[in-house]
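Secondary and tertiary structure notes
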Amino acid sequence: MMKRTLLLIAVLLSTLTAAQAQTTIKYGTVNVDSLLRTLPDYAQAEEQMARLRKQYEAETDYNDRAFRRQYAEFLEGQQTFTPNILQKRQADLQQSLERGMAFRQQADSLLQATHVQLLRPVKARLAAAIKAVGLEHGYEYIIDTSKEVYPFIHPTVAEDATRFIIEKLNPHAN
C-alpha cells in the first residue's frame, strides 16, 4: 500500500512538473513608439502634417500682421477720432483679436484631428503586424516598453519581438 501511494505521488509530481513546463508563459517586448517612427508611412504622415501646420502658421501670421496694422492705425488716430469712431475702432480691434484667437484654437483642433486621422492606418498596420507576430511566435503578450510602465521584465520569459515585427511589416526586405 505504501509503495502504491509513493508511486501515485511520484506520477502526480511528474505530471504536475510536465504541465508546468508546458504552461511557461512567453512574452514579447517592443517599443511601439520607436518602431512607429521608423515606418515610411509614418514619415509621410508627418510630412503632410508639417505642410498643413505651415499653412496654418502662415494664416496666423497674416491675421497677426492685420491686427498689428489695425492697432497701429488706432493708436495713431485715437486722439483725433470722434467718440463714435473711437468706439467703433475699439470694437473692430476686439473682434479682430477674438477672430484671431478663435482661428488659432480651431487650427489647433483641426491639426490634432488630422494627425490622429493620418496616423490611424499606420497604427492599424503596426497593430496587425504585432498581432500576427504574437500568434506566430506563441507569445501570451507583447508588451509595449515605450510607455515605461513595466519597471522589470524577466529576460528568461520575454524576448524582444521588434525584429519579427519589422520582418512582418517589410516582408520584401528579407
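Anything mentioned here points back to the structure above.
Figured I'd write up the structure that's included with this text. (Residues numbered from 1 in each chain as written. Predicted model: local features only at pLDDT ≥ 70, side-chain atom pairs only at ≥ 80, totals over all residues. Heavy atoms only, no water.)

**Comments concerning the overall build of the chain**
The helix and strand tally for the chain stands at 5 helices and 3 strands. The order of helices and strands in the chain, counted from the N terminus, is α-β-α-α-α-β-β-α. The buried share of the chain, taken over its 174 residues, is 22%. Sequence separation of 24 or more characterises 82% of the internal contacts of the chain that already satisfy a separation of 6 or more. (Helix = DSSP H or I, 4+ residues; strand = E, 2+ residues; numbered from the N terminus. Buried < 20%, exposed > 50% of the residue type's maximum accessible area, 1.4 Å probe, protein only. Contact = heavy atoms within 4.5 Å.)

**Things to note about unusual backbone geometry**
Positive phi values are uncommon outside glycine, yet Glu 148 reaches one of about 50°. Relative to the helices and strands, Glu 148 is located in the loop between β2 (141-144) and β3 (158-160).

**Remarks on the packing of helix α3 (residues 40-77) against helix α4 (residues 83-136)**
Running from amino to carboxyl end, α3 crosses α4 at an angle of 180°, the nearest separation of the two axes being 10 Å. With respect to α4, the element α3 is oriented roughly antiparallel. A breakdown of the residues in the contact of α3 with α4 according to their chemical character gives 18 nonpolar, 8 polar and 9 charged. (Axes fitted to C-alpha atoms, helices over the stretch in contact; angles between N-to-C directions. Parallel < 35°, antiparallel > 145°, perpendicular 65-115°, else oblique. Nonpolar A, V, L, I, M, F, W, Y, C, P; charged D, E, K, R; others polar.)

**Brief notes about the environment of Ile 143**
By the element assignment, Ile 143 lies in strand β2. What makes Ile 143 buried here is its relative accessible area of 11%. Remark: the alpha-carbon pair of Ile 143 and Thr 29, spanning 114 residues in sequence, is separated by 4.7 Å. In contact with Ile 143, other than residues within four places in its own chain, are Tyr 27, Gly 28, Thr 29, Val 30, Tyr 150 and Ile 153.

**Describing the pattern of salt bridges**
Inspection of every chain in the model, using the stated rule, returns 8 salt bridges. Measuring nitrogen to oxygen at the nearest pair gives 2.6 Å for the salt bridge that ties Asp 64 to Arg 104. Of this pair, Asp 64 sits in helix α3 while Arg 104 sits in helix α4, and the two are 40 residues apart along the sequence. On the basis of relative accessible area, Asp 64 is assigned to the partly exposed category, the value being 25%. (Salt bridge = Lys/Arg side-chain N within 4 Å of Asp/Glu carboxyl O.)

**Side note on α3**
A rise of 1.5 Å per residue sets the reference length of α3, with its 38 residues, at 56 Å; its end C-alpha atoms lie 56 Å apart and thus fit the reference within 8%. Every buried residue belonging to α3 is among Tyr 42, Ala 45, Met 49, Thr 60, Phe 74 and Gly 77, and all of these are buried. (Expected span 1.5 Å × (residues − 1).)

**Here we look at the side chain of Ser 96**
Structurally, Ser 96 is set in helix α4. Among all residues touching Ser 96, those that are not within four sequence positions of it are Phe 67 and Gln 70.

**Describing the sheet that holds β3**
As summarised here, the arrangement of the 3 strands in space is β2-β1-β3, forming an open sheet in which the pairing is parallel. In the strand order of this sheet, the two ends are held by β2 and β3, each with one partner. Ignoring strand direction, the axes of neighbouring strands in this sheet form an average angle of 30°. Here strand β1 (residues 27-30) runs beside β2; their pairing, made up of 4 bridges, is parallel. When the bridges of β2 are listed, Val 30 appears paired with Asp 144. (Pairing = 2+ DSSP bridges.)

**Focus on the nonpolar core**
With 18 residues, the main nonpolar core has Leu 126, Ile 165 and Leu 169 as its most contacted residues. Listed by contribution, the elements that provide at least two residues to this core are α2 (32-37), α3, α4 and α5 (162-169). Considering each element in turn, this core owes the most residues, 6 residues, to α4. Filtering out sequence-adjacent residues up to four positions away, Ile 165 remains in contact with Val 30, Leu 35, Leu 126, Ala 129, Ile 130 and Val 133. (Core = buried A, V, L, I, M, F, W, Y, C linked by side-chain atoms within 4.5 Å.)

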